[in-house]
Amino acid sequence: MISLHELGRELGLSVHGNPEHVVSHLAPIESAGVSDLSFVVGLKYATALKNSKAGAVIIPAAMLDDAPGNLLVSANPYASYAKASWLLQAPRVPPAGIHSTALVHPEAQVAPTASIGPFCVIGPGVILEDSVVVGSHCTVGANSTIGQGSQLFAGVRIYHEVTLGKQCRVQSGAVLGSEGFGYAWADDSWSQIQQTGGVLIGDAVHIGANTTIDCGAIEPTVIEDGVILDNQIQIAHNVHIGRNTAIAGCVGIAGSTRIGNHCQIGGACNIVGHLVICDQVTINAASLVTRSINEQGRYGSGMPLQKEKTWRRSYVNLGKLENLFRRVRQLERQGNADASGADDSSAS
Amino acid sequence: MISLHELGRELGLSVHGNPEHVVSHLAPIESAGVSDLSFVVGLKYATALKNSKAGAVIIPAAMLDDAPGNLLVSANPYASYAKASWLLQAPRVPPAGIHSTALVHPEAQVAPTASIGPFCVIGPGVILEDSVVVGSHCTVGANSTIGQGSQLFAGVRIYHEVTLGKQCRVQSGAVLGSEGFGYAWADDSWSQIQQTGGVLIGDAVHIGANTTIDCGAIEPTVIEDGVILDNQIQIAHNVHIGRNTAIAGCVGIAGSTRIGNHCQIGGACNIVGHLVICDQVTINAASLVTRSINEQGRYGSGMPLQKEKTWRRSYVNLGKLENLFRRVRQLERQGNADASGADDSSAS
Amino acid sequence: MISLHELGRELGLSVHGNPEHVVSHLAPIESAGVSDLSFVVGLKYATALKNSKAGAVIIPAAMLDDAPGNLLVSANPYASYAKASWLLQAPRVPPAGIHSTALVHPEAQVAPTASIGPFCVIGPGVILEDSVVVGSHCTVGANSTIGQGSQLFAGVRIYHEVTLGKQCRVQSGAVLGSEGFGYAWADDSWSQIQQTGGVLIGDAVHIGANTTIDCGAIEPTVIEDGVILDNQIQIAHNVHIGRNTAIAGCVGIAGSTRIGNHCQIGGACNIVGHLVICDQVTINAASLVTRSINEQGRYGSGMPLQKEKTWRRSYVNLGKLENLFRRVRQLERQGNADASGADDSSAS
């Protein structure tokens, strides 16, 4: 529960209407009630805004003139709404201190403000900085560091030599620093190459549930500041992901690939190894990336859904294209023979 | 070990042959021996049935006349076989009670018939109904409810505000209620929107190993009664999955997508966000769904395997289609010029 | 830290240069310094070898004449390098013994040389052979066996009736023996078939983080000796994977499919159920396999990335192919009518 006055002050927004009005929840503009805060991003939502019963709405300046009710004016309403979500409802944070069942190695350094949950195992040389929260059943391996204010939810597995920056957030089941998939073929079997590179993760990196990040072979796997990773992403050894890149669920990135800053990668993409993808590349869901990308922009390769019959014909037709190209060439030759001197601009 | 007489009574099936015969295991019709129970679904298996050494076979009525041995007649032999699998061998269920190492918050309500395994952490406001089984190393967060008879295998992570119905089954490593992937771009970084919607799961829902279901942003993510989810499925915030829908492994469903009742979604499909898929839609493996579906039926988009050379030609040819269309148009124009008045029914 | 003399003896390689020289780390040929060991696989790297400041380099015999510095000659430099990685730096192995917090069932058999970490739960009938290492928070279910020298990292879930061979390595979050996805449709709901087949895993099998392997329905799911599985792979019930096959991350293999020996399957492939894939098949990343393969070789089906506009045209064009085939047939008919007797070799 927060008054609009207080909300405006916290978010740095001007308040129009009743600054004493109190809101307690977030809601979409269509269903928001008198105690709800909502937002609209542009004129497209002008009618929704007029009809809304929301207790308050965050709007862009351009919508101010015509709007009824209690308003907060923001240059970026969606971002203001995101920040407001943390003011309206305090997130659950366990108290500082080490749970009596947790096992903390005597050579670990744990800040007094850090919280370590039940059944955790914290190894030698580990550093947990101020206000770190480690959920129940987590492991943090030897010489790993968790930066100030970072939170691990229950059951996160951190191997040795993993550095996580400040204000990171790691969901349950994520595994950081597992052994990279490095093998040499030796006569009649696979011979594993020991993986000793560790993982280096910047500040404000968010890592989804059951996402896996392998340690590097010799040099570390690197995730730069501000990267957001959804659930069930697989990041192989020595991948490097640039600042503020966002990756949706189920993406797989093979070894040593380097992804730029400010990229957005859709769900279920697969990116093969040893590629370089430049900054500001957007890749649509379910794409396969087999070559480096050196020009910013939007890319895709996934084939969208069709009715089964159409779909079967599509790939049958694709298989017959060789034949079709041959036939068209033949028709062109025939045409040229029939009418030599005809316009030939269509030749490939 | 169960006699056919008893089996028939439990399954509601008529027994032909020796009702005192005892079976102890399931086996395929080809390899079943005298102490095995098997099944056939139709006339296609008439020869296999005749040659079978099975101690008993569940058959459809249409196959009764001609069949030898001990038989149980069922309107749905495969479903009867499924039920029989639980009668032949009692599943492992730990005894009721709370293991001495488990941590149960004083404000949790645990039915006396519930079983809580070693090293579990059960939060405040949690309700565990009758006969619930919680395997070792599970966490159940604040205010979550596990309905009567549901079973969590070892290492399941349930966040706060998750409701699981009755007779559900959740395999190891599944994560329910992790934070949805909701972010606004704020000047120079991603700003997370707090996710407070929880998860609402119906009765008889089965959830596979390492499957993840994010909590909703404001409203809950919803899985209706009878849904079966295989391993490593990713379900984003505010997805809604209708009754009895079956989803195979490695599927990813992006935020706010609504899937109907009685759908079947093949392995490794990717479904983008904010779509609506109607009831009784079947989608083949590895398809990409980018649009809503409002007509029941079968759909697909995955390109099936080819030899590498053919495959390379296929996508090279696909890239040359622009050119081919142009050339065919040119040929058509030429043809029309050469022989004006010719049949033009082939124009696009 | 190891001298070249000792390294040569351990790896069975001849040493050229100073056998007393000591190396302590691995490094790529370009960046290796005086205390680093590197390798080159062939003449392609001759210049890099000449310019290298590496303390020692493993090379093929063919490169010996022209090479400077300290050298070890190997018939397979990459494999020698893999073996050297374990000699240069001893891997972390916890001491033998059962941690005081671990729960070991009185009917489990644990070798004195085995190591069981904190908060483990080891069930009845379990056998842990010599030198087995079980990381923290692992569960090993009833009657499962872990063979000599195998290592489970933290948080591995092994259900009952799972046999893991010798010298296996299982990364965190992997789940072995979860219930196979077997259901019969019964009137108005899914009826689960109890899965009792267990899992049978050979020697020297490596299993990646968060990979899942379901137990078989009646017979076991089988992974043969020497198979290497990357992270987040899903293996359904009764799959059979042959010797030394290597599978990259995010692959899904549906029920009862049988994969041969010495196959290599690229990341994010999806293989549908009940197929047979012969030995020595290589499948490119992100392929969909819908039919059995009975000829060794390379295969693929994934469509590679294009710019979004080109990509959209590609699949629009694919949808128009029916029309194009019709138009080309029409042109051919026209051509034949216009010039009967013309060469018809191009007809499909």
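(A) How the structure looks around the overall build of chain A. Check the secondary structure of chain A and you find five helices and 40 strands. Taken over the C-alpha trace, chain A has a radius of gyration of 27 Å; the compact-globule value for 348 residues is 20 Å, which it surpasses by more than 25%. If one aligns the C-alpha atoms of chain A with their principal axes, the spans along those axes are about 85 × 70 × 35 Å. The proportion of buried residues among the 348 residues of chain A is 56%. Sequence separation of 24 or more characterises 20% of the internal contacts of chain A that already satisfy a separation of 6 or more.

(B) Just helix α4 (residues 308–319) of chain A, in detail. All names here are of chain A. Along its 12 residues, α4 runs 17 Å from first to last C-alpha, staying within 8% of the 16 Å computed at 1.5 Å per residue. All buried positions along α4 are accounted for by Trp-311, Ser-314 and Leu-318. Looking straight down α4, one finds its buried side chains confined to an arc of 55°; they lie on one side. In α4, the exposed residues that point more than 90 degrees away from the buried face are Lys-309 and Val-316.

(C) Seen up close, the interface of chain A and chain C. Facing 62 residues of chain A, the contacting portion of chain C comprises 64 residues. Per element, the largest residue contribution to the side of chain A that touches chain C is nine residues, and it comes from helix α5 (residues 321–338) of chain A. For the side of chain A that touches chain C, the per-class residue count stands at 25 nonpolar, 28 polar and nine charged. In terms of strand pairing, strand β39 (residues 297–300) of chain A meets strand β40 (residues 306–307) of chain C through two bridges, oriented antiparallel. Across the sheet, residue Tyr-299 of chain A finds its bridge partner in β40 of chain C, namely Lys-307 of chain C.

(D) Here's a closer look at the sheet that holds strand β10 (residues 109–110) of chain B. Residue and element names in this part refer to chain B. Spatially, nine strands are ordered β10-β13-β16-β19-β24-β27-β30-β33-β36 in an open sheet, and the strand pairing comes out parallel. If you trace the sheet from one side to the other, it starts and ends with β10 and β36 (276–277), each paired once. Strand direction decides the pairing type here: strand β24 (residues 199–201) and strand β27 (residues 221–223), joined by three bridges, are parallel. Each bridged residue has a counterpart across the sheet, and for Leu-200 the counterpart in β27 is Val-222.

(E) Region of interest: the packing of helix α1 (residues 4–11) of chain B against helix α3 (residues 77–88) of chain B. All names here are of chain B. Packing of α1 against α3 leaves a shortest axis separation of 10 Å and a crossing angle of 120°. Relative to α3, the element α1 lies oblique. The element α1 and its partner α3 pack so that their crossing is right-handed. Here Leu-7, Glu-10 and Leu-11 of α1 come into contact with α3, specifically with Ser-80, Lys-83, Ala-84 and Leu-87. Residue classes in the contact of α1 with α3 are distributed as four nonpolar, one polar and two charged.

(F) Geometry of unusual backbone geometry. The backbone phi angle of Asp-187 of chain B is positive, close to 65°, even though this residue is not glycine. Look at Asp-187 of chain B and you get exposed, because 8 C-beta atoms sit within 10 Å. Positive phi, close to 65°, is recorded for Ala-286 of chain C, a residue that is not glycine. With respect to the secondary-structure elements, Ala-286 of chain C resides in the loop between β37 (281–283) and β38 (288–289).

(G) Spotlight on the interface of chain C and chain B. Between chain C and chain B, the residue contacts involve 62 residues of the former and 64 residues of the latter. Listing elements by their share of the side of chain C that touches chain B, those giving two or more residues are β21 (175–178), β22 (183–186), β23 (189–192), β26 (212–214), β38, β39 (297–300), α4 (308–319) and α5 (321–338) of chain C. Top element by residues in the side of chain C that touches chain B is α5 of chain C. It accounts for nine residues.

(H) Up close: the relation of the copies chain A and chain C. Turning chain A through 120° and shifting it by 0.0 Å along the axis lays it on chain C, with an RMSD of 0.0 Å. Such a combination of turn and shift is consistent with a three-fold rotation axis. Take the interface residues of chain A: only 19% of them recur as interface residues in chain C, which is what a contact between different surfaces looks like.

(I) The arrangement of the relation of the copies chain C and chain B in detail. For the pair chain C and chain B, the relating rotation is 120°, the translation along its axis is 0.0 Å, and the fit reaches an RMSD of 0.1 Å. Of all interface residues in chain C, a mere 19% are interface residues in chain B too; the two copies therefore contact each other through different surfaces.

(J) The arrangement of the domain arrangement of chain A in detail. With domains assigned, chain A is organised as domain 1 (2–88), domain 2 (97–299) and domain 3 (308–338). When each unit is reduced to the centre of its C-alpha atoms, the spacing between domain 1 of chain A and domain 2 of chain A is 36 Å.

(K) The arrangement of the pairing of strand β6 (residues 56–59) of chain C in detail. Residues and elements named next belong to chain C. Along β6, one buried face is formed by Ala-56 and Ile-58 and the opposite face, lined by Val-57 and Ile-59, is buried too. Sheet topology places strand β5 (residues 36–39) next to β6; three bridges connect them, and they run parallel. Each bridged residue has a counterpart across the sheet, and for Leu-37 the counterpart in β6 is Ala-56. A crossover connection joins β5 to the parallel β6 through helix α2 (residues 46–51); in handedness this β-α-β unit is right-handed.

(L) Structural detail: the confidence of the model for chain A. Residues and elements named next belong to chain A. Per-residue confidence for chain A gives a mean pLDDT of 94; residues scoring 70 or more make up 97%. Counting contacts from residues 341–348, a segment whose pLDDT is below 50, to residues more than four positions away or on other chains yields eight contacts. For this predicted complex, the interface confidence score (ipTM) comes to 0.95, while the overall pTM stands at 0.95.

(M) Here's a closer look at the sheet that holds strand β7 (residues 71–73) of chain A. Residue and element names in this part refer to chain A. Read across the sheet, five strands follow the order β2-β7-β6-β5-β4 without closing on themselves; strand pairing throughout is mixed. Of all strands in the sheet, those with a lone pairing partner are β2 (14–16) and β4 (25–26), marking the two edges. Pairing of β2 with β7, which is carried by three bridges, proceeds in the antiparallel orientation. If you follow Val-15 over to β7, its bridge partner there is Leu-72. The strands that helix α3 (residues 77–88) touches are β4, β5 (36–39), β6 (56–59) and β7; relative to β5, the one it contacts most, it runs at about 160°.

(N) Layout of α1 of chain B. Residue and element names in this part refer to chain B. Turning to α1, its buried residues number three or more, namely Leu-4, Leu-7 and Gly-8. Down the axis, α1 shows its buried residues gathered within 100° of arc, on one side only. Looking at the buried residues of α1, the elements they touch are β1 (2–3), β2 (14–16), β6 (56–59), β7 (71–73) and α3. Count one or two residues on from α1 and you reach Gly-12, which has phi positive near 70°.

So, how was this worked out
Residues numbered from 1 in each chain as written. Chains lettered and ligands numbered in written order. Predicted model: local features only at pLDDT ≥ 70, side-chain atom pairs only at ≥ 80, totals over all residues. Helix = DSSP H or I, 4+ residues; strand = E, 2+ residues; numbered from the N terminus. Rg over C-alpha atoms; globule rule 2.2 N^0.38 Å. Buried ≥ 20, exposed ≤ 12 C-beta atoms within 10 Å, placed from the backbone. Contact = placed C-beta atoms within 7 Å. Expected span 1.5 Å × (residues − 1). Arc of directions from axis to C-beta. Nonpolar A, V, L, I, M, F, W, Y, C, P; charged D, E, K, R; others polar. Pairing = 2+ DSSP bridges. Axes fitted to C-alpha atoms, helices over the stretch in contact; angles between N-to-C directions. Parallel < 35°, antiparallel > 145°, perpendicular 65-115°, else oblique. Left-handed = near helix turned anticlockwise from the far one by under 90°. Least-squares fit on C-alpha atoms with pLDDT ≥ 70 in both. Domains from an automatic or database assignment. Right-handed = clockwise from strand over helix to strand, strands pointing away. pLDDT = per-residue confidence, 0-100.

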